[in-house]
There are 2 protein chains.
Amino acid sequence: MKIRDIGEIGLIKRISRKAKYGKSVVKGIGDDTAVLKWTKDKYLLYTCDMLVEDVHFKLPQATPYRIGHKALARNLSDIAAMGGKPKYALVSIALDPGKNVSFADGIYKGMSGLAKKFNLDIVGGDISRSKKLVIDVSVIGEVEKNRLTLRSGARPGDVIFITGLIGGSLKGKHLDFTPRLAEARRLVENFRISSMIDVSDGLLLDLRRVLDASSAGARIYENLIPLSAQARSFESGVSEGEDFELLFTMDKKEAGKFLRTEFAKMESGATLIGEVMNKSYGYKLIDKNGKQRKISTKGYLHF
Amino acid sequence: MKIRDIGEIGLIKRISRKAKYGKSVVKGIGDDTAVLKWTKDKYLLYTCDMLVEDVHFKLPQATPYRIGHKALARNLSDIAAMGGKPKYALVSIALDPGKNVSFADGIYKGMSGLAKKFNLDIVGGDISRSKKLVIDVSVIGEVEKNRLTLRSGARPGDVIFITGLIGGSLKGKHLDFTPRLAEARRLVENFRISSMIDVSDGLLLDLRRVLDASSAGARIYENLIPLSAQARSFESGVSEGEDFELLFTMDKKEAGKFLRTEFAKMESGATLIGEVMNKSYGYKLIDKNGKQRKISTKGYLHF
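Keep in mind that what you see is a predicted model, and the values were worked out from it rather than measured.

Q: Please provide a residue-by-residue account of the relation of the copies chain B and chain A, values included.
A: For the pair of chain copies, the relating operation is a rotation around an axis with a shift along it. Superposition of chain B onto chain A requires a rotation of 180° combined with a translation of 0.0 Å along the rotation axis, giving an RMSD of 0.0 Å. This pairing of chains is accounted for by a two-fold axis. Residue by residue, 100% of the interface of chain B is reproduced at the interface of chain A, so both copies engage with the same surface.

Here's what the structure looks like:
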């Protein structure tokens, strides 16, 4: 049996089934970051993301600066999805020594600009050679215990929000996006967010992940979904991925408070797109004609 | 100017010159791991290492199990060099989906066996596709503040020890080695170790790193260096790298205590190979004929 036969999700399931954790591991494989016991009041967040040339970006559309930016920003988006703040990063990079020094400088600048903006320290890394550029960044963050937002907390009756606009990210946004750290902190500091995830593999697939983790169903509305003008179509917009927006849920009371107070102030914008249902309801889209359609998840998978 | 023109060390220097750290960073780029403030008594250690197919290993000599083992073991060797204990790891992997599932299983088994042995949790990771196999592992560890061993603490008059045997590792040991965690803990728990590093790029280059960090010189003796029977020659044995032994220094009084007590009990063995000198002395090898030779550093660099 080939790896592509069981697929990316199958491979992760296969590995995580075998994983056993010590007592200090609050959450291992299966959320946006690992969650580890740390201090009395805080958890440590720990995550990594690998970028591979010709898979996650193509040269020269992706400049070195944008590649560096994206490599770190993806991780920060994961920290945001847990309600946390980033603290430290390590960078492993494999590159072609035949490239100009300015190429390496550009990657570093793209990262360090973002690190400065979000007040985190790049404290080390590893350098190797490779024909194709590969960058893996890992990040340590922190979150107050009572502000941690997992995928698993969505409850029937909760409403579903998404920040920003969805779709068409591959036309450029995926290389320049600002991770929604400020928005995430605003949310967790002021509201009880029942679940949160960052949309990296497409809205439909990532919402499915929240529903699976929460043992719930959902109903979302085609005409509420904030499609970017860059999206080729509704279908591609909700499936293509690389949006790096936050998908989050709140109970109705909390949502009311949110809509009356912070909602209009969110820099990214935020849109109510549907509600969480019982698991038995399933996972459905209400299309523009008011017709219910079962969602067969489509999203970006590596294989 | 090309990256290969400034070389691996030049590139690291270029990046670390620009690096600025917050107050919680005890040590950033420039030691075996980053060192970060954590609790009252302990520091957090944070490191990563990337393995690239055809650079760090070749298929099929390297079985999936051995690749997985090595990918984690290299990081554990870095944690050992700081006197610490590993706690958590993340694994990013880019692989060819056309490979058998047993290939991925083997890599995982190689890692999880080692993780179990040293009581650390693999808490997450990232999967991507790539023609050539790339694995990047990052590890979080911890060390008591008073047991931290940096590269920078070697002082003139200190004696220099190395664990195990040096050279010929590429014939097989580099894929199967046991990181010297137990030895490192035995050392830091019982002695004042003035400096420590793991030998990954060759004894001569890695000792040079200790001397540079400590602003010191050194004299080592050709006939004291514990050369492996696998080494092709003395020259290659001290330069080839991938030994993953510990190189450490102690003052003479502490060394006396070590020689009288734990020395003979070290599972790996340990050998006294020379002494730390003033910086003005330089870095010299006393050859088999008693002649002093200046060491022009040779070691393994990626470019």
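Q: Residue-level account of the state of the cysteines, with values.
A: Here the structure, examined in full by the defined rule, presents zero disulfides over all chains. Of the cysteine sulfurs around Cys48 of chain A, a residue in no disulfide, the closest is that of Cys48 of chain B, at 10 Å. Exposure remark for Cys48 of chain A: the relative accessible area of 5% places this residue in the buried category.

Q: Before we move on, could you go through the domain arrangement of chain A and cite the residues and values that matter?
A: How big an interface is tends to be reported as the loss of accessible area on association of its parts. All names here are of chain A. Considered domain by domain, chain A is made up of domain 1 (31-146) and domain 2 (150-294). The centre of domain 1, based on its C-alpha atoms, is set 24 Å off from the matching centre of domain 2. Counting residues at the interface gives 28 residues for domain 1 and 22 residues for domain 2. Each partner contributes to the roughly 2000 Å² buried at the junction of domain 1 and domain 2, and carbon and sulfur atoms together form 55% of this total. Interface area lost by domain 1 to domain 2 is led by Asp31, Arg66 and Lys70, which between them contribute 24%. Of the charged contacts, one joins Arg74 and Glu242 as a salt bridge, the two residues approaching to 3.6 Å between their closest N and O atoms. For the pair domain 1 and domain 2, the number of links is 11 residue pairs in polar contact (both at pLDDT 80 or more).

Q: How would you summarise unusual backbone geometry if you had to cite specific residues and measurements?
A: Residues and elements named next belong to chain A. In this model, Leu59 is joined to Pro60 through a cis peptide bond whose omega is 0°. Mapped onto the secondary structure, Pro60 falls in the loop between strand 3 (42-52) and helix 2 (64-81). With a phi angle near 55°, Phe244 is a residue other than glycine that sits in the positive phi range. Note that Phe244 resides in the loop between helix 7 (234-237) and strand 10 (245-250).

Reading the values: rules and limits
- Residues numbered from 1 in each chain as written.
- Chains lettered and ligands numbered in written order.
- Predicted model: local features only at pLDDT ≥ 70, side-chain atom pairs only at ≥ 80, totals over all residues.
- Heavy atoms only, no water.
- Least-squares fit on C-alpha atoms with pLDDT ≥ 70 in both.
- Contact = heavy atoms within 4.5 Å.
- Disulfide = S-S within 2.5 Å.
- Buried < 20%, exposed > 50% of the residue type's maximum accessible area, 1.4 Å probe, protein only.
- Domains from an automatic or database assignment.
- Buried area = accessible area lost by both parts, 1.4 Å probe.
- Salt bridge = Lys/Arg side-chain N within 4 Å of Asp/Glu carboxyl O.
- Polar contact = N/O pair within 3.5 Å; in protein donor to acceptor, adjacent residues only side chain to side chain.
- Helix = DSSP H or I, 4+ residues; strand = E, 2+ residues; numbered from the N terminus.

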